[in-house]
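Residue-level structure breakdown
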Amino acid sequence: MAGDEERDDTITTPGEVVGHFSSLIPGRGTYLCHKNHRDIYASLTGHCKITPPSPTSTDKRSTIEIVGHKSHGAIPETGSIVIARVTKVMSKMASADIMCVGAKSVKEKFSGTIRQQDVRATEIDKVDMYASFHPGDIVRALVLSLGDSRAYFLSTAKNELGVVSAQSTSGSGDTMVPISWTEMQCPTTGQVEQRKVAKVV
Amino acid sequence: MEVKSTPSQQPNLLIDQAIVPGDVVLHLSNISTNKIKLGLGLRQDADTIKATNMGLLKHSRPNKYWVESSTKRYIPTAGDAVLGIVIDSKPDNFVLDIKGPNLAFLPVLAFEGGTRKNIPKYEVGTLVYVRVVKANKIMNPEVACTDANGKSAEFGSLKDGYMFETSTGLSQMLLSSPTCPVLDALGKKLSFELAVGLNGRVWVDASSPEAVVLVSNSIMNSEFLSDTQQKIMVKTLLKKIEL
């Protein structure tokens with residue numbers, strides 16, 4: 001399979017041998033088996049693409065990678081801005097389900113955690129989670145890191161990050177209007193609630 | 001049934017009366033003071049104040065209104081003293097059942113002079129008298145075994161004795177001042193220890209089992225009795241053990 005052109009007609013599936021280490025460098029979507037350091041295996045479904053080596057590199061082998069695989073929606077990366085819906089608020093952190101990464105929506109469930117110290121930039125030990133988020137709020141947040149196995153770590157510690165939309169807990173349940181960076185107001189009942197509000201320009 | 005929503009209704013007539021959800025309690029156009037404090041069970045609806053809970057309308061000078069009601073289920077409120085039962089213990093806090101919609105967290109350090117070295121060993125099932133520190137709709141309530149100044153003030157685990165459950169209204173009556181007649185009458189003849197939780201749990205301890213049973217039964221009977229009826233009821237029960 002170590003041809004020099006992209007094969008559009010055959011699909012490669014994970015586990016297939018796509019080349020030999022002596023003639024190709026494994027790229028994205030491929031790996032070397034630890035038992036047998038000679039065969040390059042595919043780890044994604046797609047088409048093989050072989051890129052010739054750059055003229056400046058010492059290694060004269062081409063790189064093989066798997067392309068054209070269906071991308072299942074967006075995936076949050078460190079530093080990306082995400083839109084999430086708050087699911088649970090606890091005394092030291094809030095959990096949120098990530099719905100969009102940038103402008104694209106995600107196709108599978110990603111969980112995020114906003115810790116008490118990442119809610120805002122000032123006076124981080126005096127943060128009251130109840131006065132920052134409520135379950136059901138839509139927040140814009142920044143991905144700090146991949147976090148632990150359960151959830152990404154998110155931050156709202158910037159002016160443009162925080163709650164963008166929230167429902168009033170008064171009887172009407174209308175969408176509240178922001179009145180400052182710490183308060184939102186229900187338009188029908190006038191009830192003011194505290195949130196960490198995002199400054200939307 | 002008389003409709004209680006005429007605009008000329010004076011608020012005084014509804015105070016200490018039974019109201020149901022939907023009753024108009026106040027018309028803001030008729031009120032002289034410009035600030036009214038609404039407590040539990042009342043909500044502003046345009047320019048009227050309406051009741052959302054069933055109970056007695058209470059008023060305290062100059063401008064506080066609230067609805068007092070008795071429920072079997074407790075809604076945690078900051079500042080209340082309640083009786084909790086330990087359900088679980090986690091590294092940082094004990095998990096208590098306080099008869100509310102959520103379980104409460106008691107931090108292991110929330111004791112007078114509490115450090116990592118002297119954490120109390122509360123097993124599952126321990127009855128603890130605690131104070132609610134923080135409570136709202138969305139989070140688990142946080143409780144502590146200290147008062148607001150950090151002193152232990154009788155909070156902590158309750159050993160021996162007998163605990164029974166009542167409505168929140170009876171707990172409020174037992175804690176009212178001046179002392180309610182049933183406790184007054186019992187205290188004259190018996191000596192016993194009593195802890196009342198606003199979440200509808202009461203703990204009694206006395207030197208003999210008969211006294212514990214008598215005190216518990218008297219309290220449970222007294223909920224809907226008038227003052228004189230309570231005194232008579234206690235007298236009848238005390239006669240049974242020749243006191």
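Chain B is annotated in an unreviewed UniProt entry as Ribosomal RNA-processing protein 40 of Zostera marina. Here chain B is described in UniProt, under the heading Sequence similarities (unreviewed entry), as follows: "Belongs to the RRP40 family."

Labelled according to an unreviewed UniProt entry, chain A appears under the name 3-5 exoribonuclease CSL4, originating from Zostera marina. The annotation that UniProt attaches to chain A under Subcellular location (unreviewed entry) is "Nucleus, Nucleolus".

Along its length, chain B carries four helices and 16 strands. In terms of overall dimensions, chain B has C-alpha extents of about 60 × 50 × 30 Å along its principal axes. Per-residue burial for chain B yields a buried fraction of 41% across its 243 residues. Residue pairs at least 24 apart in sequence account for 60% of intrachain contacts in chain B once pairs closer than 6 positions are excluded. Taken as two groups, the 27 positive and 24 negative side-chain charges of chain B have centres that lie 3 Å from each other.

So, on to the pattern of salt bridges. Summed over the entire model, instances satisfying the criterion amount to 14 salt bridges over all chains. Between Asp148(A) and Arg150(A) there is a salt bridge, with its nearest N and O atoms 3.7 Å apart. Take Asp148(A): its relative accessible area is 35%, and that puts it in the partly exposed class. Among the salt bridges present, the one from Asp92(B) reaches Arg116(B), with a minimum N-O distance of 3.0 Å. Of this pair, Asp92(B) sits in the loop between β8 (81-89) and β9 (93-97) while Arg116(B) sits in the loop between β10 (104-107) and β11 (127-134), and the two are 24 residues apart along the sequence. Residues participating in the shared-partner salt-bridge network are Asp97(B), Lys99(B), Glu165(B) and Arg201(B).

Below, the discussion takes up the sheet that holds strand β5 (residues 47-51) of chain A. Residue and element names in this part refer to chain A. The strand order β2-β6-β5 describes an open sheet built from three strands, whose pairing is mixed. Either end of the sheet is taken by a strand with one partner, and the two such strands are β2 (24-26) and β5. Across the sheet, the axes of successive neighbouring strands diverge by a mean angle of 35 degrees, strand direction being ignored. Across five bridges, the pairing between β5 and strand β6 (residues 62-67) is antiparallel. Residue pairing across strands places His-47 opposite Val-67, the latter belonging to β6.

Next up on the list: the packing of helix α2 (residues 181-189) of chain B against helix α4 (residues 227-240) of chain B. All names here are of chain B. As a packed pair, α2 and α4 sit with axes 8 Å apart at the nearest point and diverge in direction by 30 degrees. Our classification of the angle between α2 and α4 gives roughly parallel. α4 is crossed by α2, and the crossing has right-handed handedness. In this structure, α2 contributes Pro-181, Val-182, Ala-185, Leu-186 and Lys-189 to the contact, and α4 contributes Asp-227, Gln-230, Lys-231, Met-233, Val-234 and Leu-238. The residue inventory of the contact of α2 with α4, partitioned by class, reads seven nonpolar, one polar and three charged.

Right, let's talk about the side chain of Thr126(B) for a bit. Residue and element names in this part refer to chain B. With respect to the helices and strands, the residue Thr-126 is situated in the loop between β10 and β11. With a relative accessible area of 18%, Thr-126 lands in the buried category. At 2.5 Å, the side chain of Thr-126 and the backbone oxygen of Glu-123 are in polar contact. Excluding residues that lie within four positions of it along the chain, Thr-126 makes contacts with Gly-84, Ile-85, Val-86 and Ser-157.

Quite often, the size of an interface is put as the accessible area lost when its parts meet. Taken residue by residue, the interface counts six residues in chain B and 11 residues in chain A. Applying the counting rule to chain B against chain A returns one salt bridge. Linking chain B with chain A are zero residue pairs in polar contact (both at pLDDT 80 or more). Of the residues in the side of chain B that touches chain A, the class split is two nonpolar, one polar and three charged.

Moving on, we come to the UniProt feature "domain: Exosome complex exonuclease Rrp40 N-terminal" (unreviewed entry) in chain B. Per the UniProt annotation, the sites labelled "domain: Exosome complex exonuclease Rrp40 N-terminal" (unreviewed entry) are residues 36-73 of chain B. Along residues 36-73 of chain B, the helical share is 0% and the strand share 55%, with 28 Å between the first and last C-alpha atoms.

Another point: the sheet that holds strand β5 (residues 48-51) of chain B. All names here are of chain B. If you walk across this open sheet you meet the three strands as β2-β5-β4, and the pairing is antiparallel. Across the chains shown, the open sheet's two edge strands, defined by having one partner strand only, are β2 (24-27) and β4 (42-45). Adjacent strand axes in the sheet meet at a mean angle of 25 degrees, parallel and antiparallel pairs treated alike. Relative to β5, β2 runs antiparallel, the two sharing three bridges. Across the sheet, residue Leu-26 finds its bridge partner in β5, namely Ile-49.

Scoring rules and cut-offs
- Residues numbered from 1 in each chain as written.
- Chains lettered and ligands numbered in written order.
- Predicted model: local features only at pLDDT ≥ 70, side-chain atom pairs only at ≥ 80, totals over all residues.
- Heavy atoms only, no water.
- UniProt positions renumbered as here; feature names shortened; annotations may be inferred.
- Helix = DSSP H or I, 4+ residues; strand = E, 2+ residues; numbered from the N terminus.
- Buried < 20%, exposed > 50% of the residue type's maximum accessible area, 1.4 Å probe, protein only.
- Contact = heavy atoms within 4.5 Å.
- Lys, Arg positive; Asp, Glu negative; His and termini not counted.
- Charge placed at Lys NZ, Arg CZ, Asp CG, Glu CD.
- Salt bridge = Lys/Arg side-chain N within 4 Å of Asp/Glu carboxyl O.
- Pairing = 2+ DSSP bridges.
- Axes fitted to C-alpha atoms, helices over the stretch in contact; angles between N-to-C directions.
- Parallel < 35°, antiparallel > 145°, perpendicular 65-115°, else oblique.
- Left-handed = near helix turned anticlockwise from the far one by under 90°.
- Nonpolar A, V, L, I, M, F, W, Y, C, P; charged D, E, K, R; others polar.
- Polar contact = N/O pair within 3.5 Å; in protein donor to acceptor, adjacent residues only side chain to side chain.

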